[in-house]
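Given next are the chains, with one letter for each unit.
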Amino acid sequence: TLGAMAVTAGLGYYGANVNPSFNTLQAHLLMAGLTTGLYLTSATLALTAPPKPVEEQTGFWDTSTLHKNLAWLHGAAMAATVGLGLLTAFDSYNFEPYHEAAGFTTLGLMTLSAGVIAFGD
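Presented here is a report on the structure given in the accompanying data block. Every value quoted in this text rests on a predicted model; they were computed, and no experiment measured them.

Thoughts on the side chain of His99
Its location among the elements puts His99 in helix H4 (residues 96-119). Its relative accessible area of 18% is what places His99 among the buried residues. A polar side-chain atom of His99 sits 3.0 Å from the main-chain carbonyl oxygen of Thr81. Among residues more than four places away in sequence, those in contact with His99 are His28, Thr81, Leu84, Gly85 and Thr88.

Overview of helix H3 (residues 63-90)
With 28 residues, H3 should reach 40 Å at 1.5 Å per residue; the first-to-last C-alpha distance of 40 Å fits that figure. Those residues of H3 not exposed but buried are Thr63, Leu66, Leu70, His74, Ala77, Met78, Thr81, Leu84, Gly85 and Thr88. Buried residues along H3 sit against helix H1 (2-17), helix H2 (22-48) and H4.

Thoughts on the packing of H1 against H4
Packing of H1 against H4 leaves a shortest axis separation of 10 Å and a crossing angle of 155°. Overall, the two elements H1 and H4 adopt an arrangement that is roughly antiparallel. Judged by the sense of rotation from one axis to the other, the crossing of H1 with H4 is left-handed. Here Leu2, Met5, Ala6, Ala9, Tyr13, Ala16 and Asn17 of H1 come into contact with H4, specifically with Glu96, Glu100, Gly103, Phe104, Thr106, Leu107, Met110, Thr111 and Ala114.

With respect to the nonpolar core
In this structure, Met5, Ala9, Tyr39, Met78, Leu107 and Met110 together form the largest nonpolar core, which totals six residues. Looking at this core, the elements with two or more residues in it are H1 and H4. Those residues in contact with Tyr39 that lie beyond four places of it in its chain are Thr1, Ala71, His74, Gly75, Met78 and Met110.

Re the packing of aromatic side chains
Geometry of an aromatic ring pair is reported as the spacing of the ring centres plus the angle between the planes. Within this structure, the stated rule accounts for one aromatic pair. Consider the rings of Tyr13 and Phe104, whose centres lie 6.4 Å apart with planes at 70°: the pair is edge-to-face. In this pair, Tyr13 is assigned in helix H1 and Phe104 in helix H4, connecting sequence segments 91 residues apart. Among the residues examined, Tyr13 registers a relative accessible area of 41% and is labelled partly exposed.

Rules used throughout
Residues numbered from 1 in each chain as written. Predicted model: local features only at pLDDT ≥ 70, side-chain atom pairs only at ≥ 80, totals over all residues. Heavy atoms only, no water. Helix = DSSP H or I, 4+ residues; strand = E, 2+ residues; numbered from the N terminus. Buried < 20%, exposed > 50% of the residue type's maximum accessible area, 1.4 Å probe, protein only. Polar contact = N/O pair within 3.5 Å; in protein donor to acceptor, adjacent residues only side chain to side chain. Contact = heavy atoms within 4.5 Å. Expected span 1.5 Å × (residues − 1). Axes fitted to C-alpha atoms, helices over the stretch in contact; angles between N-to-C directions. Parallel < 35°, antiparallel > 145°, perpendicular 65-115°, else oblique. Left-handed = near helix turned anticlockwise from the far one by under 90°. Core = buried A, V, L, I, M, F, W, Y, C linked by side-chain atoms within 4.5 Å. Phe/Tyr/Trp six-rings, centres within 6.5 Å; stacked < 30°, edge-to-face > 60°.

This is the structure we're talking about:
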């Protein structure tokens, strides 16, 4: 999911700032749909996973607890990214800077969340 988000953000930046061709924007839209599907799949798996045993939980700075807390942030950012992307695509390009900011914020939060799991404990 993180890799797909990185490719989507890169294509979006490239399409908006370097080569705003129809093909580039179509590739961004295709990757955005794939990324959203992967994100929703990952979120479903995470939300339906059994909880950690109580004796293993050590508080807010526990790796998986911090990861879950970050998930609330990147979940909200992802929802904003998708919503602003739809507004940009179907209503007006006036929302493009906000969509881009939300997308890169989501990418950063997802990277931080993945880093907590990969390098924690």
